[in-house]
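Structural overview
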Amino acid sequence: MTRTVLLVDDDPHIRAVLAFAFDKAGMAVIEAGDGEEALAQAAAHLPDLVVLDVTMPRMDGLEVCRRLRAGGDTPILFLSSRDEEIDRVLGIELGGDDYVVKPFSPREVVARAGAILRRAGARAAPASTPAQLFERGGLSLDREGWSARWQGAEVALTVSEFTLLAALAGAPGRFLSRDQLIDQLHGPGFAITDRTIDSHIRNLRRKFADAGCGDLVETRAGVGYRLGPCGSAG
């Protein structure tokens, strides 16, 4: 099945270069030149992935991300000419799945998009075997159905957040380093900052804390993260 990518950037040259690269990779491309057009195209075409420039006129990419996240969980890959760590962290904390800094290789953008789409595809695929359930305290995780629940109520997670939570659940009692978690998200060889993983973990903690779980993930400085007891109400 052909995947559809919504490519959002106010620079037509960048759109043309990336559209060619995605087309060569067998993906269909829809284009938008600003944030308002991006929202309209997303509503009309329901893309599988949004490749979203941060700095645009009329409405920047961060606001587009906020609005997309308010209505769904379509994966988002940010593009930005700003290499400031705070921008990367903010993009991830708003619900982005990954972040690429300009200038970039079109091949790298397509590879990162492909990794996100593979995870999203696994999430959407119908279960061929009985659901693989994981439970600890009030946490219930259905790996086949890509569903996370706290005391029976579903907690909405992005593809990247669910992938990280599933990785922690797959190693109960063990601390996983940031590098191990990066490998779970992208496979070996992808270069992303440690702060990206920290931001995803922070999002997980916040979402579950809002649901009533205050001890979802434990941190050990210099070592990494592990799944907590998931039994606290505060």
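Provided above is the structure to which this section pertains.
Residues numbered from 1 in each chain as written. Predicted model: local features only at pLDDT ≥ 70, side-chain atom pairs only at ≥ 80, totals over all residues. Heavy atoms only, no water.

Re the sheet that holds strand β8 (residues 147–150)
- Across the sheet, 4 strands lie side by side as β6-β7-β8-β9; this open sheet has antiparallel pairing. The open sheet terminates on both sides in strands that have one partner only, identified here as β6 (133–136) and β9 (153–154).
- When strand β7 (residues 139–142) meets β8, the two strands line up antiparallel, connected through 4 bridges. Bridging across to β8, D142 finds its partner in S147.
- Along the sheet, helix α6 (residues 159–169) contacts β6, β7 and β8; its crossing angle with β7, the most-contacted strand, is approximately 110 degrees. (Pairing = 2+ DSSP bridges. Helix = DSSP H or I, 4+ residues; strand = E, 2+ residues; numbered from the N terminus. Contact = heavy atoms within 4.5 Å. Axes fitted to C-alpha atoms, helices over the stretch in contact; angles between N-to-C directions.)

Details of the side chain of R15
- With respect to the secondary-structure elements, R15 resides in helix α1 (residues 12–24).
- For R15, the contacting residues outside a window of four places in its chain are L7, D9, D10, E31, A32 and G33.

Quick notes on the environment of R178
- Mapped onto the elements of the fold, R178 is located in helix α7 (residues 178–186).
- Separated by 44 residues in sequence, R178 and G222 place their C-alpha atoms 9.7 Å apart.

Things to note about the pattern of salt bridges
- Scanning the entire structure with this criterion turns up 15 salt bridges.
- For E63, the salt bridge goes to R67, with nearest N and O atoms at 2.9 Å. Here E63 pairs with R67, and both are found in helix α3 (residues 61–71), just 4 residues apart, close to one helical turn.
- Of the residues examined, E63 reaches a relative accessible area of 25% and is grouped as partly exposed.
- Members of the salt-bridge network, linked through shared partners, are D9, D53 and K102. (Salt bridge = Lys/Arg side-chain N within 4 Å of Asp/Glu carboxyl O. Buried < 20%, exposed > 50% of the residue type's maximum accessible area, 1.4 Å probe, protein only.)

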